[in-house]
Structures are given as structure tokens and as C-alpha cells.
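Overview (structure and organization)
One letter stands for each residue in the lines below.
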Amino acid sequence: MSSDFISKTLSSNESTLKKIIGESFDIQCRHFKIPALNNSEAFVVYVSGLVDGRIIDETIIKPLILYPEGQSELTLHRKENRVSLLMEKGVFTAAAKETTRMGEAVSGVLEGDTALFIDECTAVLVLNTRKYEGRAVSEPVTESEIKGPRDGFVENIQTNAALIRRRIKDPGLRFDKMTIGARTQTTVCVSYIDGLTNDKLIGEVKQRLGRIKTDGVISSEEIQELIEDTPYSIFPGIHNTERPDKVCSALLEGRVVVLVDNTPFVSIIPAVYWEFFTSSGDYYSHFIYSSFIRWIRQLALFISISASSFYVMLTSYHQEMLPTVLAMKISADRAGVPFPAFLEAVIMELIIEIMKEAGLRLPKPIGQTVSIVGSLVIGQAAVAAGLVSPLLIIVIAVAAISSFSIPNFRMSNAFQLLRFPVLAATACFGLLGYLACVIVVLLRLMSMRSYGTPYLAPVIPFDKSGQKDVFVRAPWWKMDWRPRFLKAKEGRRQAPNLRPKPPPKG
Amino acid sequence: MMKKIIRSLLLFLAVLCLTALCGCWDMREINHLGLVTAVGVDKVVGSERFSVTVQIANPNEGGGGEGKGTTKAEEWIGTAEGDTLFEAIRNLSKISDKRIMWAHNNVVIIGKSLAQDGIIPVVDFFTHNPELRMKTAVVVADGEAKELISSTVGLENISGVSFVSLESYRGLAAASVESHMLKVSSDLQSPYSSPLIAEIRKVKAITNTEEGKNDEETVELSGAAVFRKDVMIGSLTAQECRGVSWILNQTDRTLVTVRDPQYENKNVSVETYEVKAKIKTKVVKGMPQVSIHITGKGDIAEEDASTNRSIDEVKKTMAQLVNKKVEDEVRLSLETIQKKYGVDVLGLAQVVHVQNDKEWESGLKDRWVDVFPNIPVTVTASFSVQSSTLNQIPMNIND
């Protein structure tokens, strides 16, 4: 680019534009004359798919063409000031800005703005005419809840920001915009509540986002992998959700969230391990029931990683740990099975994984076929053929079902994968192998941190007040303080003694 | 960079070899194991050799693979001989196609002739073996252990398993005593007390099975074998075992049947509960004195005669009768143990020791074995009869 500045002649501007953005079919250029400016030549340029045509018609072209010729006020002024004059009196568009740089005009156009070029002017008006064609706000697919709001984030960052703003009307709510990706120019927003969130945390998030020098960003997961603390860890270091209510409660706790344009997933920073086992539904149900469900989830987690290992452990190593009658039953079930228990378990686990993947990929109508073939044919026939024992089918099925009760998809994936090393270690060393594997996983979890927060906080390191929202969900009137590990500027979140009481007598 | 990759690759290989090359060294598939459910030990007649009979569950038949429920009892019984117990057991593998596993063994049956010879080899072997649980029941067979192993017990499929249930309901009839490996071995090792081991025998029982067999032989748990150290010297009858059960707190919900002299001498059965025996000892002039106090509650469960007495009166009478009956039962067994056999199978030595440590240490322990038969024991029972359960008054036929 020889010069980034707008040239004085209209035709040279047009040719420069064509050089930069080419002559794609969706780039529209409309020439016209402005009577009020001595019939000066002018043209608007926009991308047809990104703009609302009616706005261009009604707020730009119509007023300019219809402006009466005799209005001397406009013509009197020097030619250089025409653009600012138009801004003040000529166009009706709400959001507009003036620029003298071609690059700025082009990037505006590519985002859905309309650029107005006028003859003999060295400035351009970039007028906001953006229209967002996209999915309507709908229920989040990956995190559905029975109670609670039904809206979920969509691909459009403006809508997503609006969903948050509608819930938090605090003037301190900030959406700090950054643009990441040399070619995609993706809008990334760092959001937090000013005056509440720890400044160091905000700075750290911005700094890590700032060092991303990449070609393009397509999804928020990409950003996450680029800014996580422990990039090799299988456990997610950043929470990621589709639910605006979850994001808002995170903001109110003093966390930072990162919105990425074109992704319905919003990242919450920092993340601690236990949050992946809570769901926003916990806060919408009775606290005793929610606490119960949290325990059920931990149980399900245990089952999902240990069930098949325990099967192998008990049938191949520690038969004395089984009750006598059960031992006989298992022995009878396994009587004709030609494989060792380990191989049997691995085969079934792999089949389950394949079925899960196939069920995900197949179009919905065929998906049913897979489940029938998978469950009936493979399960039933494998037992009938004597290749696997019926007990193992139950064990594997229970483990598979259990793994879905972890609310967070990434965490659930992590534990589904961990089953295999645990199973292998158990098959090699029995109970010792199992324990060694569990200890390794625990050590890993303990060594992790997310933006300065220990991953297992508030359990390790232990914080008494934090226990109100880990294994149990305390009633709202008890949760007076924000999670301490977030080091928010305001620790207290509500007045003390909010517990409802009957009015005093008399 | 290259070096780093090679190093991590080598580490990975090392871990892989560590896990894979050990070849699952301790792995034994459950279906390749023969789960022993009962074992019997006998002396081979006319020699010093042991004969070991194991009952191994054969789950291929007993389990019922395709959801058919229960099928006929199936077990495999094998016998082998050897100069030592261990040799006999190793010889078993000559005839067993599965590796013999002891962890699920429920009962060790000792043949009578072996018991009379000495049970040290049995207790020694089964307490050395890490697979065996110390809670395994030990019983003495009235006859050959081998024969009892192959006979059926109750309704369950595998007789070893059903023996456990038999043992667990022992307290209901209180016709035998508790004897497991841990207790037997500790009694054997203590210089003052001796083991008391439950006895089993074959009895005829009228049973109706699908094949129409009745008059089958079944196994009964009643009576107990009295040992002097490791040698069996005699038996307690079922009646005498009741007294032992009262003293050792081994029964709770049992039954006391008394005759009501005030009313036609008819039988009245009282079901007891919350039974507790307290043993108090003191040493007077070097002679220990023992008092046993048994408390408990009871419900009238069966009353064969109709009366028109008030319920309070009935309760009072019954309580007195029950007290007397229980005291008599306890005295009877004490009499037999002290006078007839003269061995401390009740573990009184420990009670005396704990309660009178000074006297025990200053000489009583050395005289214990001689003193035991002559220890005066006072027995008192105080039961309170709570209610007559549902019927407040007995059945009354009005003509």
C-alpha cells in the first residue's frame, strides 16, 4: 500500500479500494450525487451480506439525495470540511465516525459498516449499518437445566454482551475489546466488573491475550489453549460455558470472562476443579437437594473411572474381597469367556467409545440405529456368544452412564480418557496399580493452578468459608462472602444475618 | 531438542516395559480358581497320614448363566492324602483342574479321631495360610469329616455357604457354641484356657424335595467338643451348651420353655432378648470366687393353657420360672465343665486376671489349672417378662 491516506480524487480512491478488497460479488459500490454539495460525486461501499440495506437507503442515500439544492449553508463551507458537515447535518445514521485512513475504512466495511466517499474530500465517513444474521437466542444444548433461565449464548458477540448486560446493570461492568487474529480480526472481549474484580487478574488476562499473534481465531477453545496455565494437562484450566446466568454469577464473584466473537462459549477465568462438578441448576433447586446431587456427581465420577478397573481388580487379583456368593456368580458368568478380564474390559470400553463417537457423528435419524445395534446386538450377542461376561456389560454401561453426569463436557472427557490408564495400571498391579494411578492424578490436580488460584481451592488449600459451595450448596443467606481465592476487592457480597425469621412477637 | 525427544521416548519405553514385561505376575482369573467352601481334615485310619477333603463350588452349574434362577446344587468334592496337611493339599491339585483358593472357605471340619489325637497341625496350617480368614468357623465332626462334607445342609445349594447361615442362626436355639479359627488358636495358645469347639453331626430329617425323597440326612449343629489343650476329651450336650451360651453372651433371641406349676403344669415359652451376662470375680484367701449374673427381658411367645389370672400376675410368675430355668441351665453346664472335664473352656482365667490382677500375678496363675475345678460359682438370673406380645390374655375357649 503506497499511502494509507484517502486521496482527493474519487476515482483513485475507488481503484485503491478495489486493489485492497478486490471485486468480490458481495462488495457493493453505489455512486450518486449530493445536490446539497454542488452535485458532488460520491459513492458508498459496503458488503451486502453484512449490512442492513434499509438503513443505508433510509439514513444515508435518501437524506443526501433529497437534500434541497439551494441550502447554501452546506455549500458555503470549505470543501475540506464537508465530511464533518455531513456528519453533523447530512446523514441520519446513529453510529458514525470520520477517518482519513483507507485501512480503517476498509476494516469498517469488512465488519459491516458503510463507507461514504465524497469527491475532493480527504476524509471518509464510516457509518454503522451492521446487521447480524444469526441464530436466535435459544436453550443451551450442552448445559440444559430443568429450572432456571432458558437462554444461551449465540455466535454473535453483541448479543452475548447484551445477554450479560441485561442481567448486570452495574455501571462498572466492562467489555474491553481486543482484536485477535491478523486475518480474521476477531473481536475478543475481556469482561469484568470494575471496582470488584482483582486488577492483577484483569491485567494478567489481558497480557496473556495480548501476546497471541496468530493468523486467525475461530473458536473460544483456541483462545483457551493459548492462555491456559497448564497447557499439557488433560484437565481444563479454564471454565467454559454456554449459559449467561453462569457467566453473570462468575462476574459477580469477581472473575474475568472472555467473550470471543462467533462462538457461543464464554470462558471464565480462573477456574477451580470443583466448579466443573457444579451446575447452575444447583442454585435453582433446594439447597439440600442440590447438596445431595453434588455427592451423587462425585459418586458417579468415582464409578465412571473405577468401575471397569474394579471389575478387573476383583476378578483377576483380589478374589477374596468379593462376597462368596458373588464370587461364585462371577466365576460362573466368566466360565466360558476366552479372554482375560483386562482384555475383555478394554474391548468393551473401546466399543463404548466408538459407539459414543458414532452416535455423535451420525445424522439424527440414523443415530437411533446405532444405539439399537450397539446396545442390543453388540451387548446381547456378545454375552450370548460367550465373548464377554454379562456382569461386565453392566459394569461398562453403568460407567458410561455415570460419566455423563459430570456437568462440564471437557471435565467429563478428561475422566473418560483417564479410565484407560487406570484400567491398564490395575490390570498390571491390581489394587496397588489402581491406587498409584489415582495418586498420580491427585498429584497432578494438586500441582495445577489457574491464574494464580490453586486448582483444588478451596479444599486444598483449605478455606473454611469456601466449603459452603463445594460439596454442599449452602443456602443463599449463608453465602455472605465471595470465594476468597479470587481475592476480589470487595469480599462481602451481602449483608449479614439475611436468614429469614418470623417477625418478633408483640 | 532431538536429545530431549529421545530422552522422553526412552522414559516412555521404560515405563511401558515396567508395566508390560511384568506380565501381570499375580493375575489369576476368577474362573480358573476353585473356590473352596468347606474343608474337612481326617486322620487316615491306621496311619499317621492326613486326609483332606475339600468342597469346591462348581459355579458352572450352580450359577445359572442365562437367568434361569437356581439350578440343582453342584459342588465338587475331592480328597487327597499326605504326610502333612500341606502335602495333602498339594496332592489335591493332582485331581483338581482349578487352582484351589482358600479365601472363601467358610468352615474347617475336623474329624473326631483327629480331634482326639490333637488339633495342632490343623490350627497351625490354617493360621499360617494368608488366604484363610481367621473368622472361618471350626467344627468337630461327630464321625468322619469327609462324610459330613458330602452331605447336604438345609436349603442352600452349596453346603459350605449354607453352613455359614447355620452358624449365624446358632443363637436362636443356643444348642452349640461359637468357635472360629481366631478363638480356637488363641485358646490353644493360652496356658490357662482350652478350646471349646462346636460339633456337627448327621441327623435324619424329613424333607420333601422335587424328586420326592424324604427321610434325607442333613447336618445338625449341636453340642460342643471339649478339649484339654489340643486333645479332645469329651463333649457337651446341646442342653449343656445352652448354659455356656448364656455365660458367654452368645445368645440373645432364644427361647426358655418353663412349666407353669400353678396351672396344670402346662408349657409356656418365653422368648428372650437383651440378654446380658456379667461375670464378677474376687479372690478370697487365694481362692477365686465367681458370680455370674444374667439379666434380660422376655416376651411370652406361646402359652399352652388358658388362665384367668391377671397379666401382671402371669408376668411375675413367668419371670420367676424363667430365672430358675436359666440358673439351672448355667449350673448344669458349669457342673459338667468344672467337675467332669476340669478344663477352663469358658475363658474364666482371663476374666479373673483382668479383675484381680494383683492376686493373679502373685501366684494364682500358677495354680489356676488345679484351682479351676473347685472354684465356687454363684449364678443368678433376673429376667423381666415384658408382655405377652399381641395377645394380652391367653386363648380362652368359652363353652
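Source: prediction; values computed, not measured.

Another aspect to go through is the overall build of chain B. Looking only at helices and strands, chain B has 13 helices and 13 strands in total. Among the 399 residues that make up chain B, the fraction classed as buried is 47%. Only carbon and sulfur atoms are counted for the fraction: they give 54% of the accessible area of chain B, which is about 20500 Å².

The next point concerns the overall build of chain A. Scanning chain A from terminus to terminus reveals 16 helices and 12 strands. In terms of overall dimensions, chain A is more spread out than a globule: its C-alpha atoms have a radius of gyration of 31 Å, far above the 23 Å expected for 506 residues. Principal-axis analysis of the C-alpha atoms gives chain A an extent of 105 × 75 × 45 Å. Looking at chain A alone, contacts between residues at least 24 apart form 65% of all its contacts between residues at least 6 apart.

Okay, the sheet that holds strand 3 (residues 96-99) of chain A next. Backbone-to-backbone hydrogen bonds join strands into a sheet, with any given pair of strands oriented parallel or antiparallel. All names here are of chain A. Across the sheet, which stays open at both edges, the five strands sit in the order 1-2-4-5-3 with antiparallel pairing between neighbours. Looking at which strands have only one partner, the edges of the open sheet turn out to be strand 1 (27-34) and strand 3. Pairs of neighbouring strands in the sheet enclose a mean axial angle of 20°, with direction left out of account. Examined bridge by bridge, strand 4 (residues 113-118) and strand 5 (residues 124-128) share four bridges and lie antiparallel to one another. Across the sheet, the residue bridging to Asp-113 is Asn-128, located in strand 5. Sheet strands in contact with helix 4 (residues 82-90) are strand 1, strand 2 (40-47), strand 3, strand 4 and strand 5, and its direction is about 175° off that of strand 3.

Moving on, we come to helix 13 (residues 364-384) of chain A. Three- or four-residue spacings in an α-helix give side chains the same orientation, since the helix completes a turn every 3.6 residues. All names here are of chain A. With 21 residues, helix 13 extends 29 Å from end C-alpha to end C-alpha; this agrees with the ideal 30 Å at 1.5 Å per step. Most pronounced at Val-373, the bend in helix 13 amounts to some 25°. Taken together, the buried positions of helix 13 are occupied by Gly-367, Val-370, Gly-374, Gly-379 and Ala-382. In the core, the buried residues of helix 13 are packed alongside helix 12 (341-361) and helix 14 (390-403). Once helix 13 ends, the next one or two residues include Gly-386, with phi positive near 80°.

This part takes up the packing of helix 5 (residues 120-128) of chain B against helix 9 (residues 181-189) of chain B. Residues and elements named next belong to chain B. Following both chains from N to C, one finds helix 5 and helix 9 inclined at 125°, their axes separated by 11 Å at the closest point. Regarding the angle of helix 5 to helix 9, the classification is oblique. The two elements helix 5 and helix 9 cross, and the hand of that crossing is left-handed. Residues Ile-120, Val-123, Phe-126 and Thr-127 of helix 5 form the contact with helix 9, whose own contacting residues are Met-181, Val-184, Ser-185 and Leu-188.

Let's shift gears to the interface of chain B and chain A. Opposite the 27 residues of chain B that make contact, chain A presents 25 residues. Taking both sides of the interface into account, the surface hidden between chain B and chain A amounts to around 2100 Å²; carbon and sulfur atoms contribute 61%. Contact with chain A buries area across many residues of chain B, yet Ile-30, Asn-31 and His-104 of chain B alone supply 28% of it, more than any other trio. If you look at where chain B meets chain A, you find one salt bridge. A salt bridge links Glu-29 of chain B to Arg-334 of chain A, with the shortest nitrogen-to-oxygen separation between them at 3.1 Å. At the surface where chain B touches chain A, the tally comes to 10 residue pairs in polar contact (both at pLDDT 80 or more). Going through the elements one at a time, helix 1 (2-21), strand 1 (33-43) and helix 2 (59-62) of chain B are the ones with two or more residues in the side of chain B that touches chain A. No other element matches strand 1 of chain B, which puts three residues into the side of chain B that touches chain A.

Moving on: the packing of aromatic side chains. All names here are of chain A. Enumeration according to the criterion identifies 20 aromatic pairs over all chains in this entry. Look at Tyr-289 and Phe-292: their rings are 6.3 Å apart centre to centre, the planes differ by 45°, and that puts the pair in the tilted class. Here Tyr-289 and its partner Phe-292 are both found in helix 10 (residues 287-316), three residues apart, which amounts to about one turn of the helix. Of the residues examined, Phe-292 reaches a relative accessible area of 47% and is grouped as partly exposed. Put simply, the rings of Phe-235, Tyr-273, Trp-274, Phe-276, Phe-277, Trp-295, Phe-415, Tyr-455 and Phe-471 touch in pairs and so form one group of aromatic residues. For the cation-ring pair, Arg-208 lies above Tyr-451, with the distance from its terminal atom to the ring centre recorded as 3.8 Å.

Once that is clear, we can look at the pairing of strand 1 of chain B. Residues and elements named next belong to chain B. Along strand 1, 11 of the 11 residues are buried, which leaves the element largely enclosed by surrounding structure. Pairing of strand 1 with strand 4 (residues 99-101), which is carried by three bridges, proceeds in the parallel orientation. Bridging across to strand 4, Leu-33 finds its partner in Arg-99. Strand direction decides the pairing type here: strand 1 and strand 2 (residues 50-57), joined by seven bridges, are antiparallel. Paired with Asp-42 across the bridge in strand 2 is Ser-51. As consecutive antiparallel partners, strand 1 and strand 2 are separated by six residues, and within that stretch Gly-46 has a phi angle of approximately 80°, a positive value.

All names here are of chain B. Membership of the largest hydrophobic core comes to 47 residues, with the highest contact counts inside it found for Leu-236, Ile-294 and Val-326. Looking at which element gives the most residues to this core, the answer is helix 11 (residues 311-341), with 10 residues. Contacts of Ile-294, omitting those with residues within four sequence positions, involve Trp-246, Val-275, Lys-276, Ala-277, Val-326, Val-330, Thr-380, Ala-381, Ser-382 and Phe-383. If you look at the next biggest cluster of nonpolar residues, it comprises 33 residues, including Ile-119, Val-140, Met-181 and Val-184.

Residue and element names in this part refer to chain A. The antiparallel open sheet is built from five strands, whose spatial order is 6-7-9-10-8. The two strands at the open ends of the sheet, each matched to only one other strand, are strand 6 (173-180) and strand 8 (239-241). Between one strand axis and the next, the sheet turns through 25° on average, direction left out of account. Note: strand 8 against strand 10 (residues 266-269), three bridges, orientation antiparallel. Note that in strand 10 the partner of Asn-240 across the bridge is Ser-267.

Attention shifts here to the packing of helix 12 (residues 348-355) of chain B against helix 13 (residues 357-371) of chain B. All names here are of chain B. Between helix 12 and helix 13, the least distance of the axes is 8 Å, while the angle of their chain directions is 150°. In terms of orientation, helix 12 lies roughly antiparallel with respect to helix 13. Contact residues: Leu-348, Ala-349, Val-352, His-353, Val-354 and Gln-355 in helix 12; Asp-357, Trp-360, Glu-361, Leu-364 and Trp-368 in helix 13.

Bringing the pattern of salt bridges into the picture now. This structure, assessed with the given rule, holds 44 salt bridges over all chains. Note that Glu-353 of chain A and Arg-419 of chain A form a salt bridge whose closest N and O atoms lie 2.9 Å from each other. Taken together, the residues span a long stretch of sequence, with Glu-353 of chain A in helix 12 and Arg-419 of chain A in helix 15 (residues 409-429) at a distance of 66 residues. The partner of Asp-328 of chain B in a salt bridge is Arg-331 of chain B, with the nearest N and O atoms 3.7 Å apart. Separated by three residues within a single helix, Asp-328 of chain B and Arg-331 of chain B lie in helix 11, roughly one turn from each other. With relative accessibility at 35%, the residue Asp-328 of chain B sits in the partly exposed group. The exposure class of Arg-331 of chain B is partly exposed, given its relative accessible area of 39%.

Residues and elements named next belong to chain B. Mean pLDDT for chain B: 83, with 85% of residues reaching 70 or above. Taking the mean pLDDT of every element in chain B, the minimum, 55, falls on helix 2 and the maximum, 92, on strand 9 (residues 231-236). Here residues 61-73 scores under 50 on pLDDT; set against residues more than four positions off or in separate chains, the count is 14 contacts. We note a pTM of 0.81 for the whole complex and an ipTM of 0.77 for its interfaces.

With that settled, the discussion passes to the environment of Val-231 of chain B. Here Val-231 of chain B shows up in strand 9. C-alpha of Val-231 of chain B to C-alpha of Ile-119 of chain B: the two residues are 112 residues apart in sequence and 6.7 Å apart in space.

About the thresholds
- Residues numbered from 1 in each chain as written.
- Chains lettered and ligands numbered in written order.
- Predicted model: local features only at pLDDT ≥ 70, side-chain atom pairs only at ≥ 80, totals over all residues.
- Heavy atoms only, no water.
- Helix = DSSP H or I, 4+ residues; strand = E, 2+ residues; numbered from the N terminus.
- Buried < 20%, exposed > 50% of the residue type's maximum accessible area, 1.4 Å probe, protein only.
- Areas by Shrake-Rupley, 256 points an atom, 1.4 Å probe, with all protein chains shown as cover.
- Rg over C-alpha atoms; globule rule 2.2 N^0.38 Å.
- Contact = heavy atoms within 4.5 Å.
- Pairing = 2+ DSSP bridges.
- Axes fitted to C-alpha atoms, helices over the stretch in contact; angles between N-to-C directions.
- Expected span 1.5 Å × (residues − 1).
- Bend = angle between axes of the 7 residues up to and from the residue.
- Parallel < 35°, antiparallel > 145°, perpendicular 65-115°, else oblique.
- Left-handed = near helix turned anticlockwise from the far one by under 90°.
- Buried area = accessible area lost by both parts, 1.4 Å probe.
- Salt bridge = Lys/Arg side-chain N within 4 Å of Asp/Glu carboxyl O.
- Polar contact = N/O pair within 3.5 Å; in protein donor to acceptor, adjacent residues only side chain to side chain.
- Phe/Tyr/Trp six-rings, centres within 6.5 Å; stacked < 30°, edge-to-face > 60°.
- Lys NZ or Arg CZ within 6 Å of the ring centre and 35° of its normal.
- Core = buried A, V, L, I, M, F, W, Y, C linked by side-chain atoms within 4.5 Å.
- pLDDT = per-residue confidence, 0-100.

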